[in-house]
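# Analysis of the macromolecular model
If you want the building blocks of each chain, they are given just below.
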Amino acid sequence: MRPLPEYEAKTDDSKDDAVSAALAWHDGDAKATIATLLDDCADLRRKLEMSRSAMSRGFVRGWDPTQQRD
């Protein structure tokens with residue numbers, strides 16, 4: 001008897017697809033791809049810091065967004 005589909009292990013092909021798409025966007029140039037991703041990361045960190053300063057503690061019920069990954 002097979003397990004239900006929602007309990008089967010899922011393969012994560014989407015990461016490979018995303019990496020391939022990012023490389024294709026930069027015509028296979030890995031350095032340009034990494035530079036763009038680092039720029040995007042820095043931009044998101046700036047936006048996170050801006051939203052962190054704009055949110056009240058009551059609005060987020062004590063949750064404090066951080067830049068560190070869990």
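See above for the structure.
Computed from a predicted structure; not experimentally measured.

## Looking at the pattern of salt bridges
The tally for this structure, following the rule as stated, stands at two salt bridges. The shortest N-O distance in the salt bridge between Asp43 and Arg46 comes to 3.6 Å. Here Asp43 pairs with Arg46, and both are found in helix H2 (residues 30-54), just three residues apart, close to one helical turn. What makes Arg46 exposed here is its relative accessible area of 54%. Between Asp43 and Lys47 there is a salt bridge, and its shortest N-O distance comes to 3.2 Å. Placement of the pair is Asp43 and Lys47 together in helix H2, with a separation of four residues, close to one helical turn. The exposure class of Asp43 is partly exposed, given its relative accessible area of 28%. Lys47 gets classed as partly exposed once you look at its relative accessible area, which sits at 46%. Each of the salt bridges in this network shares a partner with another, and the network as a whole consists of Asp43, Arg46 and Lys47.

Conventions adopted
Residues numbered from 1 in each chain as written. Predicted model: local features only at pLDDT ≥ 70, side-chain atom pairs only at ≥ 80, totals over all residues. Heavy atoms only, no water. Salt bridge = Lys/Arg side-chain N within 4 Å of Asp/Glu carboxyl O. Helix = DSSP H or I, 4+ residues; strand = E, 2+ residues; numbered from the N terminus. Buried < 20%, exposed > 50% of the residue type's maximum accessible area, 1.4 Å probe, protein only.

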